[in-house]
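Below, each chain spelled out in residue letters.
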Amino acid sequence: MRIFFLLILNLYSFLIFGYQAKPYDFPKPVDTTSKPINTPDREVKELRGVSFDNSFDGARINGLSVADTSFIIRMMPENEPINYSPWYAFKLWSKKDTVVHIVMDYSKFKYGQRYWPKLSNDGVNWTRLDESNFSYIGDSLRVRLTLSLSDQPLWVSAQEIQNSEMVSVWAQEIAAIGGAQFKAIGKTTLGRDIPMLEYVAGKKKPTIIVLSRQHPPEVTGYLAMKSFLERIFEVEDELSLEFLKNYNVLVFPLMNPDGVDLGHWRHNADGVDLNRDWAYYNQPETRQVADYIVNFAEEKKSDIVLGLDFHSTFKDIYYTNVDSLVSALPEFTSAWITNIKLRVEDSEAKVSASGIGPPVSKTWFYTQFNAVGITYEIGDDTPRDLINVKGEVSAEEMMKLLLNK
Ligand SMILES: [Zn+2]
């Protein structure tokens, strides 16, 4: 009788909710229940004739003030504890041409600056701030930028801005080229769309999953993901055509749209690190993405064979699963990384294997699907042309291996 009741209950919840991702007790659990965050005012503030704009998506200025001849910005995360990745982005201008000093104050933390300032006149094309206009102050927990202003806005940002609107424009373009569908699979806490690209080769064909931007400032990983996908969807190309005949591709290019648009250091609008929420899916982003993938696999009777999650850290590194977690493709990881390294001069790239620990996507792919999971990390300062080449080569070598070429 009890079994009968459970069967009815399961059938009911399937009809209402579809298939859901299974919870999994990771050995190093993390509390991912929602927590309060602070959000700086979205405003344009004028101080001594200089306007500071914190109103656009991706912007973040905390505690703007003036002291002597400098403007001070105090670096503050959305909440704590948090990994050290102090993001900032703002626009500024002055009615008359002038030179200003901006002090970025990191003194609340024992680390100083992480992201070298980037400048732009249009929010699209970026250059690194010249070293002659940068200096450390005292204990290096404060840095000074010297900027020439006019009445035209100057963007200053920790990394190139890639906010939710920019990601959506790119994703729609690449979907149109590649014959994929661009759609929103649901909403975040603040009502933003969670975007995805879905390419279906067919039922019973295997599927690869691509994730990016669980962590908002990790733009270099996102840039690698872009060139990786642009190579896969190069539909004039024989290798791509063959791959797209044989594999489904699900891409979640912006896992954390609220965090990205709010200029967060790491968390979503509920103050949680999404890449620790793959055990019980407390957050709307992980819940909906995980369920979508599980539903897709069930409905298409497809094996999820590979999950790649693009991130950024100090250096290029591949975080992999240890060999004892035997996956759908036991030879793939080492062959892939070796082949990439043979073609890309990138001696920095390290490989670090680990077992099942905290609830991260890399091991979720294994625990849920027996799939290969890899966290693909790009260094914060890796040259952008190298990132592009690496993304493309990584796509080619993956396609070759998955097609047994
Ligand atoms: Zn990350």
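Asker: When you look at the overall build of the protein chain in this model, what are you seeing that I'm missing?
Answerer: Scanning the protein chain from N- to C-terminus turns up nine helices and 19 strands. Against the compact-globule benchmark of 22 Å for 405 residues, the protein chain has a radius of gyration of 22 Å, which places it among compact chains. Buried residues in the protein chain amount to 56% of all 405 residues. Put simply, 77% of the contacts in the protein chain that link residues at least 6 apart link residues at least 24 apart. When the accessible surface of the protein chain is split by element, carbon and sulfur atoms take 52% of a total near 17,900 Å².

Asker: Even after reading the chapter, I still don't get the sheet that holds strand β6 (residues 98–105), so can you show me in this structure?
Answerer: Either a parallel or an antiparallel arrangement is found when strands of a sheet pair, and the pairing is made through backbone hydrogen bonds. The five strands lie next to each other as β3-β4-β6-β10-β9, forming an open sheet whose pairing is mixed. Among the strands making up the open sheet, the edge pair consists of β3 (65–67) and β9 (134–137). The mean angle between the axes of side-by-side strands here comes to 30°, regardless of whether they run parallel or antiparallel. Alignment of β9 against strand β10 (residues 142–149), held across four bridges, turns out to be antiparallel. Bridge pairing links Tyr136 to Val143 in β10.

Asker: Would you mind going over the coordination of the zinc ion with me for this structure?
Answerer: Six octahedral donors at a metal ideally form angles of 90 or 180 degrees, and four tetrahedral donors ideally form angles of 109.5 degrees. Bound to the zinc ion are the protein donor atoms His215 (ND1), Glu218 (OE), Glu218 (OE) and His311 (ND1), situated 2.1 to 2.5 Å from the metal. One can describe the site at the zinc ion as irregular: its four donor atoms subtend angles covering 56 to 146° at the metal. Donor residues binding the zinc ion come from one chain and are separated in sequence as H-x2-E-x92-H. A relative accessible area of 3% means that His215 is categorised as buried.

Asker: Mind showing me how you'd approach the nonpolar core here?
Answerer: Looking at soluble globular proteins, one finds that nonpolar side chains tend to be buried together. Leu92, Leu147, Ile208, Ile232, Phe243 and Met398 are the most contacted members of the largest nonpolar core, which totals 87 residues. Residue-level mapping places this core at the junction of two domains, with at least three residues from each of domain 1 (17–34 + 162–402) and domain 2 (44–75 + 89–157). If we skip the residues at most four places from it in the chain, Ile232 touches Ile208, Ser240, Phe243, Leu244, Ala395, Met398 and Met399. In terms of nonpolar packing, the next biggest core, distinct from the first, is built from 22 residues, Ala21, Ile194, Ile209 and Ile293 among them.

Asker: I would appreciate a short explanation of the environment of Arg276 in the present structure.
Answerer: Along the chain, Arg276 falls in the loop between α5 (257–261) and α6 (284–299). Arg276 sits 62 residues away from Gln214 along the chain, and the two C-alpha atoms are 9.9 Å apart. Not counting residues within four places of it along the chain, the set of residues in contact with Arg276 comprises Val30, Thr32, Arg266, Pro358, Pro359 and Val360.

Asker: Could you clarify how one ought to interpret the sheet that holds strand β5 (residues 89–94) in this entry?
Answerer: The strand order across the open sheet formed by six strands is β1-β2-β5-β11-β7-β8, and the pairing between neighbours is antiparallel. Whereas interior strands pair on both sides, the edge strands pair on one side only; in this sheet they are β1 (44–47) and β8 (127–128). Relative to β5, strand β2 (residues 50–53) runs antiparallel, the two sharing four bridges. Opposite Val50, over in β5, you have Ser94 as the bridge partner.

Asker: Even after reading the chapter, I still don't get helix α8 (residues 361–369), so can you show me in this structure?
Answerer: Note that an α-helix has 3.6 residues per turn; residues three or four places apart therefore point the same way. Of all the nine residues making up α8, eight are buried; the element is thus mostly covered by neighbouring parts of the structure. Along α8, the residues that are buried comprise Ser361, Lys362, Thr363, Trp364, Phe365, Thr367, Gln368 and Phe369. Those residues of α8 that are buried are in contact with β14 (207–212), α6, β16 (304–313), β17 (317–321), β18 (350–354) and β19 (372–379). Just past α8, the residue Asn370 takes up positive phi, approximately 60°.

The rules behind each value
- Residues numbered from 1 in each chain as written.
- Predicted model: local features only at pLDDT ≥ 70, side-chain atom pairs only at ≥ 80, totals over all residues.
- Heavy atoms only, no water.
- Helix = DSSP H or I, 4+ residues; strand = E, 2+ residues; numbered from the N terminus.
- Rg over C-alpha atoms; globule rule 2.2 N^0.38 Å.
- Buried < 20%, exposed > 50% of the residue type's maximum accessible area, 1.4 Å probe, protein only.
- Contact = heavy atoms within 4.5 Å.
- Areas by Shrake-Rupley, 256 points an atom, 1.4 Å probe, with all protein chains shown as cover.
- Pairing = 2+ DSSP bridges.
- Axes fitted to C-alpha atoms, helices over the stretch in contact; angles between N-to-C directions.
- Donors = N, O, S within 2.8 Å, 3.2 Å for Na, K, Ca; no water.
- Tetrahedral: all angles 85-135°; square planar, octahedral: opposite > 155°, others 65-115°.
- Core = buried A, V, L, I, M, F, W, Y, C linked by side-chain atoms within 4.5 Å.
- Domains from an automatic or database assignment.

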